[in-house]
There are 2 protein chains.
Amino acid sequence: MSGEDRGSGQVRRVRVEALAPEMVLGPREARHLYVLRLSPGAEVLVFDGQGAQAQATVVELDAARAILHLGESIGAAAETPQPLTLAVALLKGDKLADVVRAATELGVARVQLLVTRRADAREIGAQKLSRLNRIAEEASKQSRRAVTPPVLNPVTLADFQWEGQLFVAQPGSSLRLTQHLDWSAPVTVLTGPEGGLTTEEVNQLTAKGALSVTLGPRILRAETAPVALLGAIAAQGQ
Amino acid sequence: MSGEDRGSGQVRRVRVEALAPEMVLGPREARHLYVLRLSPGAEVLVFDGQGAQAQATVVELDAARAILHLGESIGAAAETPQPLTLAVALLKGDKLADVVRAATELGVARVQLLVTRRADAREIGAQKLSRLNRIAEEASKQSRRAVTPPVLNPVTLADFQWEGQLFVAQPGSSLRLTQHLDWSAPVTVLTGPEGGLTTEEVNQLTAKGALSVTLGPRILRAETAPVALLGAIAAQGQ
């Protein structure tokens, strides 16, 4: 993924700490621009990962440092009307990387990792969490979002709190997400680990107001379900 | 993926050439059962990849051969009301493998590969096509479908024919798939390569009756778009 770009002629996007009249970039981002053979005078887009985005001009550039001057602000585009959260159980191996990447493209404002009965709590460490956050940042750039969704340290399902609507995919449900989706408040979609949530876990969620919705009559892998649910939301135009 | 199973206590599914009173399996499938330590007398499910599915009993088993006796038939479940086709442009690297796997879980009846203006026609060979078909077969087993969707040799976009509805995801469209989806005829979803379909290609499709639909305001990778669109259909309960 890293450094993949869709042809030439497109404006490069650069993550900065904060938008400021003069922005000094360290080796990591400078190197990225340097490798792209940008020269002083080149136009780029800068964004702070919190929703602010603007044009900027490269003033100085070498492999270790870059200086950019701020240009016109560009409003945050491509965000859902209210924050969209993906709450996803810890998954084995590298599956969360794919989920975080697709979820970022599909517009989530954050990813909350969950420890559930059938999810292995040993499946995450500081290093892995930091890698997932880097993946979210790359995916955010690629999909030209102004926001980088944070991937949050796991909480137990019992401790997980949400505002607005929560949708949980549940085999056997016949409720359709699209008939209940309401952007007057934040929206969360929640999916389970390999082997699924237990019936008791789903019941605890619905007792707190979650809606269990269909994803069709087939069995989906734990890493497909979140992309399918978020796809259903994106296909509504959000 | 291969051989991944969701805990013990579940009935194993075995692909056979055809359902018959006595079915003799060769080394590949026999080895699979052997490794699972099944014994004569064990119950399995057999399916032919065409929609027929039945119970069966293991009568003989060693690493190279298995004999099964047919039990009760089980109707094909988990299929869409009319055939669902994914028409997807050739993608670079191994991305089609992920797309075929998820599309199979999400219920497609076949995958039609497409050569488009920005898709590299050298990106498929007999070996790769055969691997994609194996992936569809594995995914079909895992999602307990009775049908294995074939992955079909590429055709050019200009030559691609479809029956019923065709939906193509197009940035900037505000039409929603869910408001137009109609299962009185077959349904096809079509997605482009890295860099997308050209405007001309989309216009040619819509001139033939295709509907261009939204997948939200962000830019999706070529391998995310088909899963998102098929997810939107699955979330309607099909």
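Residues numbered from 1 in each chain as written. Chains lettered and ligands numbered in written order. Predicted model: local features only at pLDDT ≥ 70, side-chain atom pairs only at ≥ 80, totals over all residues. Heavy atoms only, no water.

Identification of chain A as Ribosomal RNA small subunit methyltransferase E from Deinococcus deserti is taken from an unreviewed UniProt entry. According to its UniProt record, chain A has this under Function (unreviewed entry): "Specifically methylates the N3 position of the uracil ring of uridine 1498 (m3U1498) in 16S rRNA. Acts on the fully assembled 30S ribosomal subunit." (UniProt positions renumbered as here; feature names shortened; annotations may be inferred.)

So what's going on with the overall build of chain A? Residues and values would help.
Along the backbone of chain A there are six helices and 11 strands. The C-alpha radius of gyration of chain A comes to 20 Å, within 12% of the 18 Å expected for a compact globule of 238 residues. Its C-alpha atoms give chain A principal-axis dimensions of roughly 60 × 35 × 30 Å. Counting over 238 residues, chain A shows a buried share of 52%. (Helix = DSSP H or I, 4+ residues; strand = E, 2+ residues; numbered from the N terminus. Rg over C-alpha atoms; globule rule 2.2 N^0.38 Å. Buried < 20%, exposed > 50% of the residue type's maximum accessible area, 1.4 Å probe, protein only.)

Residue-level account of unusual backbone geometry, with values.
A negative phi angle is the norm for most residues apart from glycine, just as the trans form is the norm for most peptide bonds. Residue and element names in this part refer to chain B. Here R37, not a glycine, exhibits a phi torsion of approximately 60°, which is positive. Turning to its location among the elements, R37 is positioned in the loop between α1 (27–35) and β3 (43–47). When its relative accessible area of 73% is taken as the criterion, R37 is described as exposed. Within the chain, R144 stands out as a residue other than glycine whose phi angle is a positive 60°. With respect to the secondary-structure elements, R144 resides in the loop between α3 (126–142) and β8 (151–156). Since its relative accessible area comes to 26%, R144 is described here as partly exposed.

Before we move on, could you go through helix α2 (residues 95–105) of chain A and cite the residues and values that matter?
Residue and element names in this part refer to chain A. With respect to burial, α2 is a largely interior element, 10 of its 11 residues being buried. All buried positions along α2 are accounted for by K95, L96, A97, V99, V100, R101, A102, A103, T104 and E105. Elements in contact with the buried residues of α2: β6 (84–89), β7 (110–115), α3 (126–142), β8 (151–156) and α6 (225–234). Following α2 by one or two positions, G107 has its phi on the positive side, about 100°. (Contact = heavy atoms within 4.5 Å.)

How would you summarise the confidence of the model for chain A if you had to cite specific residues and measurements?
Close inspection of predicted coordinates is inappropriate for parts of the model with low pLDDT. In this model, chain A carries an average pLDDT of 88, and 93% of its residues clear a pLDDT of 70 or more. Contacts of residues 1–8 of chain A to residues separated by more than four positions or lying in other chains number 13 contacts, the stretch itself having pLDDT below 50. (pLDDT = per-residue confidence, 0-100.)

Can you break down the environment of L61(A) residue by residue, with the values?
All names here are of chain A. Among the secondary structure elements, L61 is positioned in strand β4 (residues 53–61). On the basis of relative accessibility, which here comes to 17%, the residue L61 falls in the buried class. Linking L61 and T156, residues 95 residues apart in sequence, is a C-alpha distance of 46 Å. The contacts of L61, once residues within four sequence positions are left out, are A30, L33, Y34, L38 and A66.

Account for the interface of chain A and chain B, naming residues and giving values.
Counting residues at the interface gives 38 residues for chain A, matched by 38 residues for chain B. Both faces combined, the contact of chain A with chain B buries some 3,300 Å², and carbon together with sulfur accounts for 53% of it. Linking chain A to chain B there are two salt bridges. As a salt-bridge pair, R221(A) and E105(B) come within 2.6 Å of each other at their nearest N and O atoms. Listing elements by their share of the side of chain A that touches chain B, those giving two or more residues are α2, α4 (177–180) and α6 of chain A. (Buried area = accessible area lost by both parts, 1.4 Å probe. Salt bridge = Lys/Arg side-chain N within 4 Å of Asp/Glu carboxyl O.)

Outline the domain arrangement of chain A, listing residues and values.
How big an interface is tends to be expressed through the accessible area that disappears when the partners come together. Residue and element names in this part refer to chain A. What the domain assignment reports for chain A is domain 1 (12–74) and domain 2 (84–234). For domain 1 and domain 2, the distance between their C-alpha centroids amounts to 32 Å. Between domain 1 and domain 2, the residue contacts involve 12 residues of the former and nine residues of the latter. In this assembly, domain 1 packs against domain 2 so that about 820 Å² is buried in total across both faces, 45% of it on carbon and sulfur atoms. Broken down residue by residue, the surface that domain 1 buries against domain 2 is led by R13, R15 and F47, which jointly contribute 54%. (Domains from an automatic or database assignment.)

Any chance you could break down the pattern of salt bridges for me, citing the residues and the numbers?
Residues and elements named next belong to chain A. Under the counting rule described, the total for this entry stands at 18 salt bridges over all chains. Salt-bridge contacts for E137 lead to R15; the nearest nitrogen and oxygen are separated by 3.7 Å. On the criterion of sequence distance, the pair formed by E137 in helix α3 and R15 in strand β1 (residues 12–15) is long-range, its members being 122 residues apart. On the basis of relative accessible area, E137 is assigned to the buried category, the value being 14%. Accessibility expressed as a relative area gives 22% for R15, which makes it partly exposed. Note that R101 is salt-bridged to D98, the shortest N-O span being 3.3 Å.

An account of the relation of the copies chain A and chain B is requested, with residue identities and associated values reported.
After a rotation of 180° and a shift along the axis of 0.0 Å, chain A superposes on chain B with an RMSD of 0.1 Å. Such values leave the two copies arranged in the relation of a two-fold axis. For chain A, the residue whose C-alpha comes nearest the rotation axis is A232(A), separated from it by 1.9 Å. Interface overlap between copies is the fraction of interface residues in one copy that are interface residues in the other; for chain A against chain B it reaches 100%, indicating a shared surface. (Least-squares fit on C-alpha atoms with pLDDT ≥ 70 in both.)

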